[in-house]
Amino acid sequence: MSILVTGGAGFVGSHLIERLARRGGAVGGDGSIVCLDNFNDYYDPALKRKNVGGFGDLPGVKVIEADFCDQAAMHDLFARENVKSVVHLGAYAGVHASVASPHVYQRNNVQGTLALLEAARQHPVSRFLLISSSTVYGLGAAIPFQEDAPPGIPASPYGATKRAAELMGLTYHQLHSVPVVCLRPFSVYGPRLRPDLAMSIFTQKIIAGQPLSLYGDGSVRRDFTHVSDICDGLTAALSAENVAGQAINLGHSHPVEIRQVIAMLESAIGKKAIVKKHPPRAEDLPVTFADLGKATRLLNYSPKVTFEEGIPEYVDWYRSWHKV
């Protein structure tokens, strides 16, 4: 039996696979872990291949290059690898890119999720973690975001496709007893952070002495959560009882203004930012803020890494990784 991690070559996926491998592999399995990734060019595929470069030293990890939107391939994979747990991290990410290319997001985030749910229906699994996003709360949701409170309207096609994927997963739980748990990470950061995200871009621009773009006045707040804390939550959700059919936040519950993020990066880098201001973007939520009551109750989840600790660690990693 194995655990399947989609998007396993990405930022969060590679961290999770390392965590699972060092703890003996799949919960309820024989220790084998399948890393599924199509190594697409949303950002440089070489970075994802570098992420999986260390997997060869880990016991029981297999890397498979395939597209989870391929229904027939997923049926074959589930049967061949005897998949018993799924962590569905794979998706087209990025709020701003989704405005320009909504069809790509619909195909990957909705159609792709459906292909995996159909495979899990025909090849039953013990747990299906559907990794969603804080963007599902949308404009008009009460702060802090509570999982079972009325949501707002997603501000971007990305948020809309993530909510659609959640609804499909919960429908399959209700209709076919697929043990889906929807997990909603909030602004994940840390070593291996994707290069298209604001923290990566800010860091690169400050180090290079180039202007960075700030949309709005910097008062937008994000609930930044360290990747190790997210992995704690994902690992707990693989084996927790009474969580199937639930949506659960994984955040830090301490939103930080973007202008404060820039100031903290300046301090860690030892260099002032050159800030070029632009009008705010309609697709940006003004704040993300996780209520963690449900995560604490169901997963015993408690984030440990403060932002004050995480920023210098990230900058140190960035300098080492990019040799700057």
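For the structure, check the block above.
In this report, we go over the structure that sits alongside the text. (Residues numbered from 1 in each chain as written. Predicted model: local features only at pLDDT ≥ 70, side-chain atom pairs only at ≥ 80, totals over all residues. Heavy atoms only, no water.)

### Here we look at the environment of Pro211
Mapped onto the fold, Pro211 is located in strand 8 (residues 211-215). Residue class for Pro211 comes out partly exposed when judged on its relative accessible area of 47%. A C-alpha to C-alpha distance of 24 Å links Pro211 and Leu47, two positions 164 residues apart in sequence. (Helix = DSSP H or I, 4+ residues; strand = E, 2+ residues; numbered from the N terminus. Buried < 20%, exposed > 50% of the residue type's maximum accessible area, 1.4 Å probe, protein only.)

### With respect to the pattern of salt bridges
Counting across every chain of the model gives 16 salt bridges. Between Arg184 and Glu166 there is a salt bridge whose closest N-O contact spans 2.7 Å. With Arg184 in strand 6 (residues 180-185) and Glu166 in helix 6 (residues 157-176), this pair connects stretches of sequence that are 18 residues apart. Across the pair, Glu166 and Arg184 agree in class, each one buried. The shortest N-O distance in the salt bridge between Arg259 and Glu257 comes to 2.8 Å. Here Arg259 falls in the partly exposed class, since its relative accessible area comes to 39%. What emerges from the salt-bridge pattern is a single network uniting Lys62, Asp76, Arg80 and Glu81. (Salt bridge = Lys/Arg side-chain N within 4 Å of Asp/Glu carboxyl O.)

### Points about the sheet that holds strand 2 (residues 32-37)
What the seven strands build is an open sheet, ordered 3-2-1-4-5-6-11; its pairing is parallel. Lying at the two open borders of the sheet, with one neighbouring strand each, are strand 3 (61-65) and strand 11 (247-250). Across this sheet, the average inter-strand angle for adjacent strands is 20°, counted without regard to direction. Seen against the sheet, helix 3 (residues 71-80) touches strand 1 (2-6), strand 2, strand 3 and strand 4 (83-88) and runs at an angle of roughly 130° to strand 4. The sheet strands contacting helix 6 are strand 5 (127-131) and strand 6, and the helix crosses strand 6 at an angle near 155°. (Pairing = 2+ DSSP bridges. Axes fitted to C-alpha atoms, helices over the stretch in contact; angles between N-to-C directions. Contact = heavy atoms within 4.5 Å.)

### Remarks on the environment of Tyr215
One can find Tyr215 in strand 8. Under the relative-accessibility criterion, Tyr215 is labelled partly exposed at 31%. In the structure, Tyr215 is positioned 21 residues away from Ala236 in sequence and 36 Å away in space, judged by C-alpha atoms.

### Digging into the pairing of strand 6
Of all six residues in strand 6, six are buried, a share of seventy percent or more. Because side chains alternate across strand 6, one face comprises the buried residues Val180, Cys182 and Arg184, and the other comprises Val181, Leu183 and Pro185, equally buried. For the handedness criterion, the β-α-β arrangement of strand 5, helix 6 and strand 6 is classed as right-handed. Pairing geometry for strand 6 and strand 11, over four bridges, is parallel. Following the sheet pairing, Arg184 is matched in strand 11 by Asn249. (Right-handed = clockwise from strand over helix to strand, strands pointing away.)

### Things to note about the packing of helix 7 (residues 198-208) against helix 9 (residues 258-269)
Taken N-terminus to C-terminus, the directions of helix 7 and helix 9 make an angle of 45°; their axes are 10 Å apart at the nearest point. By the angle between their directions, the pair helix 7 and helix 9 is classed as oblique. Considering the relative orientation of helix 7 and helix 9, their crossing is right-handed. Contacts from Met199, Phe202, Thr203, Ile206 and Ile207 of helix 7 reach helix 9 at Ile258, Ile262, Leu265, Glu266 and Ile269. Of the residues contributing to the contact of helix 7 with helix 9, the split by class is eight nonpolar, one polar and one charged. (Parallel < 35°, antiparallel > 145°, perpendicular 65-115°, else oblique. Left-handed = near helix turned anticlockwise from the far one by under 90°. Nonpolar A, V, L, I, M, F, W, Y, C, P; charged D, E, K, R; others polar.)

### Let's talk about helix 1 (residues 11-22)
In this model, helix 1 (twelve residues) spans 17 Å end to end at C-alpha, consistent with the 16 Å of a helix rising 1.5 Å per residue. Among the residues of helix 1, those classed as buried are Phe11, Val12, Gly13, Ser14, His15, Leu16, Ile17, Glu18, Arg19, Leu20 and Ala21. In the segment just after helix 1, Gly24 is the residue with positive phi, at about 95°. (Expected span 1.5 Å × (residues − 1).)

### Focus: unusual backbone geometry
In the segment running from Ile143 into Pro144, the intervening peptide bond is cis, with an omega of -5°. Of note in the backbone geometry, Phe39 takes a positive phi value of approximately 50° without being a glycine. Looking at the element boundaries, Phe39 is found in the loop between strand 2 and helix 2 (45-51). Overall, Phe39 belongs to the buried group, its relative accessible area being 8%.

### Some remarks on the layout of surface pockets
Here the second largest pocket is characterised by a volume of approximately 170 Å³. Taken together, Val136, Tyr137, Glu147, Asp148, Ala149, Pro151, Arg163, Glu166, Leu167, Leu170, Arg184 and Ala247 make up the full set of residues lining the second largest pocket. Of the residues assigned to the lining of the second largest pocket, the class counts are seven nonpolar, no polar and five charged. (1 Å grid on protein atoms, 1.4 Å probe; cavity = no way out; pocket = protein on both sides within 12 Å on 5 of 7 lines; lining within 4 Å. Points joined across faces, edges and corners; volume = space filled by probe spheres on them.)

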